[in-house]
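# Architecture at a glance
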Amino acid sequence: GYSTELLHLFWATGLTPAEGERDEDEILEIVPMDLHEAVAAIDRGEIQDAKSVAGLLLAWRKLSGNG
């Protein structure tokens, strides 16, 4: 690869929605859905971002007892 980027994924529970400040060039679309819906969206190709896919599939494995 050409990059030395390192990413960390965190498992967090008990969170509450809150507004925060975004970077000037940051574009986010928040789409609430449960984990089952998110995994189905991956299967349909609606979620394609590699970081999101990796995090969601790791969560799916953890909650299904396979990880």
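Before going into details, it helps to say that this report is about the structure given with it.

### Points about the pattern of salt bridges
Summed over the entire model, instances satisfying the criterion amount to 2 salt bridges. The salt bridge partner of Arg44 is Glu46, with a shortest N-O separation of 2.8 Å. Pair check on accessibility: Arg44 and Glu46 agree, each one exposed.

### Quick look at the nonpolar core
Residues Ala38, Ala41, Ile42, Ile47 and Val53 constitute the largest nonpolar core, which totals 5 residues. Ranked by the residues each element gives to this core, the list is headed by helix α1 (residues 35-43), at 3 residues. Ala41 has contacts with Glu46 and Ile47, leaving out every residue within four places of it along the chain.

The rules behind these values
Residues numbered from 1 in each chain as written. Predicted model: local features only at pLDDT ≥ 70, side-chain atom pairs only at ≥ 80, totals over all residues. Heavy atoms only, no water. Salt bridge = Lys/Arg side-chain N within 4 Å of Asp/Glu carboxyl O. Buried < 20%, exposed > 50% of the residue type's maximum accessible area, 1.4 Å probe, protein only. Core = buried A, V, L, I, M, F, W, Y, C linked by side-chain atoms within 4.5 Å. Helix = DSSP H or I, 4+ residues; strand = E, 2+ residues; numbered from the N terminus. Contact = heavy atoms within 4.5 Å.

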